[in-house]
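Summary of the model geometry
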Amino acid sequence: MDTLETRELRYFMAVAEELHFGRAAERLGMAQPPLSRAIQQLERRLGVSLLERNRRGVSLTGAGEVLLHEGRAALEATAAAARRTRRAGGADRPGGPRNRLVLALKAAGSHDLLQQLLDAYAAEPDAAEIEVLPCGMCEQAELLRDGRADVALMHAPFNSLAGFDSEELMTEGQIAVLPARHPLAARKTLSLDEVSDIPGLPLARWPRHGTYPPGPGPEIHDQTQLAQLIALGRTAAVFPDSARAWLWGEHAAVPLTDAPPVVTHIAWPAHSRSLALAGLVRTAAQLRPSLAFQTGARP
């Protein structure tokens, strides 16, 4: 048989991630013997060995590595389908809420663009309700894949657009955000090398995939914490030019001459057939000329 049940995938994923049947069974809330039998039955059905079992423990075979990767994507797609179906179902009931789209974006990012987009879309006939979902750095893709979001504002080169459809909205430069009292705050421009090695002012570190990159800078959990640490002269940060919208009086923004441009896209799952989403994307695309004029970027 070429079909897999979500139950089988969840069982296998638990064992593949824990590499221990006992811990996997505990995580699943079941006894170990039926879990072992379920994995053996799955291997017989597929005609391949997924796990190597020996006295040292459990390890994945080449086939198991493939199923770990493919199974994770399949379970994410299943969860996404359930979440999006529930959101759409409310609009089908008489007297129920209108259709709703969840838009994810990095917290405190794209202020002006977001406000223009929301205002323009709200004026459209039959516009869906838009729920804005702020998230951490580079979390938009995960939210789109697992269905917690329907659409996202994403920023290349920081966000990967692989697996999504997208429309480019605007291109902008980058700035160094420094304490206003710092001597470099008076400079008209800076380079990335100058910003990356400021004595006593290390760059802040944001988590990616749950871990922080190495470095002396403070580990940042949210935008408010970062703003406070910059104001206190404890750290510096690099942001797209549009981040000026959230700066405090204790901050200074200095353009970076050699930083790559940041391209903001509106992105969505490639398989989406939502008419509400199509309307939002169409509205976003219509904003491009005015955004390019405001930022000095190309449309």
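Residues numbered from 1 in each chain as written. Predicted model: local features only at pLDDT ≥ 70, side-chain atom pairs only at ≥ 80, totals over all residues. Heavy atoms only, no water.

**Regarding unusual backbone geometry**
For the bond from A156 to P157, the omega torsion is 10 degrees, close enough to zero to count as cis. Note on placement: P157 falls in the loop between strand 5 (151-156) and strand 6 (164-172). Of note, the phi angle at L19 is positive, near 50 degrees, even though the residue is not glycine. Here L19 is to be found in the loop between helix 1 (6-18) and helix 2 (21-28). Backbone geometry at D126 places phi at a positive 60 degrees, although glycine is not the residue there. As for its placement among the helices and strands, D126 is situated in the loop between helix 5 (111-122) and strand 4 (129-135). (Helix = DSSP H or I, 4+ residues; strand = E, 2+ residues; numbered from the N terminus.)

**Things to note about the environment of E139**
Of note, E139 is situated in the loop between strand 4 and helix 6 (140-145). As for E139 and S274, which are separated by 135 residues in sequence, their C-alpha atoms are 22 Å apart.

**Quick word on the packing of aromatic side chains**
When we look at a pair of aromatic rings, we describe it by the centre distance and by the angle of the planes. In the structure shown here, the tally under the stated rule is one aromatic pair. Between F239 and W246, the aromatic rings sit 5.3 Å apart at their centres with planes inclined by 80 degrees, giving edge-to-face as the arrangement. Both residues of the pair, F239 and W246, count as buried. (Phe/Tyr/Trp six-rings, centres within 6.5 Å; stacked < 30°, edge-to-face > 60°. Buried < 20%, exposed > 50% of the residue type's maximum accessible area, 1.4 Å probe, protein only.)

**Considering the packing of helix 1 against helix 3 (residues 32-46)**
Orientation of helix 1 relative to helix 3, taken along the N-to-C sense of each, is 110 degrees, at an axis distance of 10 Å. Relative to helix 3, helix 1 is oriented roughly perpendicular. Considering the relative orientation of helix 1 and helix 3, their crossing is left-handed. Here E8, Y11, F12 and V15 of helix 1 come into contact with helix 3, specifically with L35, A38, I39, L42 and R45. For the contact of helix 1 with helix 3, a count of residues per class yields seven nonpolar, no polar and two charged. (Axes fitted to C-alpha atoms, helices over the stretch in contact; angles between N-to-C directions. Parallel < 35°, antiparallel > 145°, perpendicular 65-115°, else oblique. Left-handed = near helix turned anticlockwise from the far one by under 90°. Contact = heavy atoms within 4.5 Å. Nonpolar A, V, L, I, M, F, W, Y, C, P; charged D, E, K, R; others polar.)

**Let's talk about the confidence of the model for the protein**
Here the protein averages 87 in pLDDT, and 91% of its residues register 70 or above. Mean pLDDT per element in the protein: helix 9 (residues 275-295) is the minimum at 81, and strand 9 (residues 251-255) is the maximum at 97. (pLDDT = per-residue confidence, 0-100.)

**Considerations on the UniProt feature "domain: HTH lysR-type" (unreviewed entry) in the protein**
According to UniProt, the positions carrying the feature "domain: HTH lysR-type" (unreviewed entry) are residues 4-61. Along residues 4-61 one finds 62% helix and 14% strand; the C-alpha atoms at either end are 18 Å apart. (UniProt positions renumbered as here; feature names shortened; annotations may be inferred.)

**Topic: the domain arrangement of the protein**
Bring the parts together and some accessible area is lost; that lost area is often taken as the interface size. Structurally, the protein comprises domain 1 (6-88), domain 2 (100-169 + 266-295) and domain 3 (174-255). A straight line from the C-alpha centre of domain 2 to that of domain 3 covers 26 Å. Each partner contributes residues to the interface: domain 2 has eight residues there, and domain 3 has nine residues. Summed over both partners, the interface of domain 2 with domain 3 comes to about 790 Å²; 63% of that surface belongs to carbon and sulfur atoms. One can count zero residue pairs in polar contact (both at pLDDT 80 or more) joining domain 2 with domain 3. The residue inventory of the side of domain 2 that touches domain 3, partitioned by class, reads five nonpolar, two polar and one charged. (Domains from an automatic or database assignment. Buried area = accessible area lost by both parts, 1.4 Å probe. Polar contact = N/O pair within 3.5 Å; in protein donor to acceptor, adjacent residues only side chain to side chain.)

**So, the sheet that holds strand 8 (residues 237-240)**
The strand order across the open sheet built from three strands is 8-7-9, with neighbouring strands paired in antiparallel fashion. The open sheet has two free edges, formed respectively by strand 8 and strand 9, since each of these has just one partner strand. Strand-to-strand twist across the sheet, computed as the mean angle between neighbouring axes with direction ignored, equals 35 degrees. In terms of strand pairing, strand 7 (residues 174-179) meets strand 9 through five bridges, oriented antiparallel. Residue L178 lies in a different strand from strand 9, and its bridge partner there is A252. Sitting on the sheet, helix 8 (residues 223-231) touches strand 7, strand 8 and strand 9, and the angle it makes with strand 8 is about 125 degrees. (Pairing = 2+ DSSP bridges.)

**Digging into the sheet that holds strand 10 (residues 262-269)**
Strands sit in the order 4-3-5-10-6 across an open sheet of five strands; the sheet is mixed. Unpaired on one side and paired on the other, strand 4 and strand 6 mark the two borders of the sheet. Direction aside, neighbouring strands of the sheet carry axes that sit 25 degrees apart on average. Bridge count for strand 5 against strand 10 is five bridges, and the pairing is antiparallel. Across the sheet, residue A152 finds its bridge partner in strand 10, namely A267.

**Some points on helix 1**
Between its first and last C-alpha atoms helix 1 spans 18 Å; for 13 residues at 1.5 Å apiece the expected length is 18 Å, and the two agree. When helix 1 is considered as a whole, its buried residues turn out to be E8, L9, Y11, F12, M13, A14, V15 and A16. Within two residues after helix 1, L19 carries a phi angle of roughly 50 degrees, on the positive side. (Expected span 1.5 Å × (residues − 1).)

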